[in-house]
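These are the residues of each chain, in order.
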Amino acid sequence: MSAAVLETSARVATAERLAAFARVTTDDVDEAAEQIGRIFCPHDLKPAQARAAGFSARHNCAAFAGFSINYVAYGGSVSIDPGCLDRFFLVQIPLTGAARIRAGACEIETAPGRTASLLSPTIPTRMVWTDCAQIILLLDRRMVEQRAAALSGKVAGPVEFDPVIDLDALSGHDLRTKLDELMMLAERLGPSGRLSPVAMADWREALLDHLLNGQRHGLSDAIRTFSGHAERLPRALRAARDHLADNAGEPLDLAELACASGIGIRALQLGFRRHFGVSISEMLLDMRLAGLHARLSQASPDASITEIAFDLGFTHLGRMAGAYREKFGETPSATLRRRMS
């Protein structure tokens, strides 16, 4: 991030953000719960004082495809009980005040510049905000889970993060910096501005990378193993995996793969099972499925699923569709329709 951006970020850190994107401004508790619940999810909202003295609520939201950046502030002390978020992940970066959060069995005290939170949709959550304003990144659950599946070699399913983000750590600092950039981009565009499809895709990729490769979660080890980043991975297996990825659209040739890696076919087969947990053909299928999902997620409305599938090396459309549905929980056409909607 440039010095100018850092200076701007510091200057506005305690000011209201995304003011042009106002959705909720009220000092009525019931109205705040109803209106903010429509944007996020239904939740119980209770002020610490029975008469809600000093209560106020503000929610500004800039929405994009698959994610949104939000400014949420509560005056006074309020308890918020959404239960399980169900449809989305939330990254909450405190700007002012304090928040005490219970996510499952974990309790967190967040504070500006020190600790933020990452809430997963399947973990029940309760919070108490005290004169607190936070920048909140909302990410679509299906988008995160499908990308985790593509990176880990696993079937799409719940992903649960460590809810604590250490803002002093490099990964936490980088995530905060990225959200600062997204906020300033939204403020520069304004409510009538639009990102190009390429820019939108770049932002989705960057945010997913920061979360899935920067923050600890239940599939972190599987992603490291499947990507070849696990410690002490033999050089031959790393070379074989890279060769497989570079030629995923071509028919599998074990002799060629063995030549590229410098070890025999049997050693390769055993090595893939031991270090990646899958066979060579299973890894190739997963690479092709991940490629298909990525292409369909960014495809134009007139894209042909059949042409994309053949281009990626699939030869049997029925088996491809079944494997895709098993991995991502939906058909290829459903992914394409969601991209077009």
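The text that follows walks through the structure, step by step, so that each part is easy to find.

1. Focus on the overall build of the chain
Argument step 1. Summing up its helical and strand segments, the chain has 13 helices and 9 strands in all.
Argument step 2. Here the C-alpha atoms of the chain give a radius of gyration of 23 Å, agreeing with the 20 Å that 2.2 N^0.38 yields for 341 residues.
Argument step 3. Here the C-alpha coordinates of the chain stretch approximately 75 × 45 × 40 Å along the principal axes.
Argument step 4. Relative to its full complement of 341 residues, the chain shows a buried share of 48%.
Argument step 5. Contacts in the chain between residues at least 24 apart in sequence constitute 72% of all its contacts with a sequence separation of at least 6.
Argument step 6. Total accessible area computed for the chain in this model is approximately 16300 Å², and 51% of it derives from carbon and sulfur atoms.

2. A short note on empty space enclosed by the protein
Argument step 1. Considering all chains together, one arrives at 1 cavity of 30 Å³ or more under this definition.
Argument step 2. In this model, the largest cavity occupies a volume close to 140 Å³.
Argument step 3. Phe 40, Ile 80, Leu 90, Gln 92 and Met 127 are the residues nearest the centre of the largest cavity, which is lined by 15 residues in total.
Argument step 4. Contributing elements (two or more residues each) for the lining of the largest cavity: β4 (67-83), β5 (88-103) and β8 (125-140).

3. Description of the pairing of strand β3 (residues 56-63)
Argument step 1. Of all 8 residues in β3, 6 are buried; the element is thus mostly enclosed.
Argument step 2. With 4 bridges connecting them, strand β1 (residues 22-26) and β3 associate as antiparallel partners. Counterpart to Ala 22 in the pairing with β3 is Asn 60.
Argument step 3. Summarising the sheet, β3 and β4 pair through 8 bridges and their orientation is antiparallel. The residue of β4 that forms the bridge with Arg 58 is Ala 73.

4. Details of the packing of aromatic side chains
Argument step 1. For the structure on display, the rule yields 7 aromatic pairs.
Argument step 2. Ring geometry for Phe 55 versus Tyr 74: centroids 6.2 Å apart, planes at 35°, classification tilted. Taken as a pair, Phe 55 in the loop between β2 (44-47) and β3 and Tyr 74 in strand β4 lie far apart in primary sequence, 19 residues in all.
Argument step 3. Owing to a relative accessible area of 5%, Tyr 74 belongs among the buried residues under this scheme.
Argument step 4. Ring geometry for Phe 89 and Phe 161: centres 5.6 Å apart, planes at 85°, overall edge-to-face. Note that Phe 89 is positioned in strand β5 and Phe 161 in the loop between α3 (141-152) and β9 (164-166), a separation of 72 residues in sequence.
Argument step 5. A residue is classified by how much of its surface remains accessible, and Phe 89, at 0% relative accessible area, is buried.
Argument step 6. Since its relative accessible area comes to 3%, Phe 161 is described here as buried.

5. Structural notes on helix α6 (residues 220-227)
Argument step 1. Burial in α6 covers these residues: Ser 220, Ala 222, Ile 223 and Phe 226. What you see down the axis of α6 is that its buried residues fit within an arc of 165°, all on one side.
Argument step 2. In this structure, the buried residues of α6 make contact with α3, α5 (197-214), α7 (235-246) and α10 (280-297).

Thresholds, definitions, all that
Going along each chain's sequence as written, the residues are numbered from 1 onward. Given that the model is predicted, a residue must reach a pLDDT of at least 70 before its local features are reported, and side-chain atom pairs must reach 80 or more before they are shown or counted; all residues, however, enter totals for whole chains, interfaces and linings. Water and hydrogen atoms play no part in the side-chain values, which are based on all heavy atoms of the structure. Secondary structure elements follow DSSP: runs of H or I no shorter than four residues count as helices, runs of E no shorter than two count as strands, and numbering proceeds from the N terminus. Computation of the radius of gyration draws on C-alpha atoms, with the globule rule given as 2.2 Å multiplied by the number of residues to the power 0.38. For every residue, the accessible area (1.4 Å probe, protein chains only) is compared with the maximum for its type, and the residue is labelled buried under 20%, exposed over 50%, or partly exposed between those bounds. Should any heavy atoms of two residues lie within 4.5 Å, those residues are considered in contact. Every accessible area reported is derived by Shrake-Rupley at a probe size of 1.4 Å, with residue values counting cover from the shown protein chains alone. Cavity and pocket criteria rest on a 1 Å grid covering protein atoms alone: a 1.4 Å probe that fits but cannot get out defines a cavity, protein on both sides within 12 Å along at least 5 of 7 lines defines an open pocket, and an atom within 4 Å of a point defines a lining residue. Grid points are joined across faces, edges and corners, and a volume is the space filled by probe spheres set on the points. Should DSSP find at least two bridges between two strands, the strands are regarded as paired. Planes of paired rings set the category: under 30 degrees apart is stacked, over 60 is edge-to-face and the rest tilted, where pairs are Phe, Tyr or Trp rings (Trp by its six-membered ring) whose centres lie within 6.5 Å. What the arc measures is the spread of directions leading from the helix axis to the C-beta atoms.

By themselves these figures say nothing about function.
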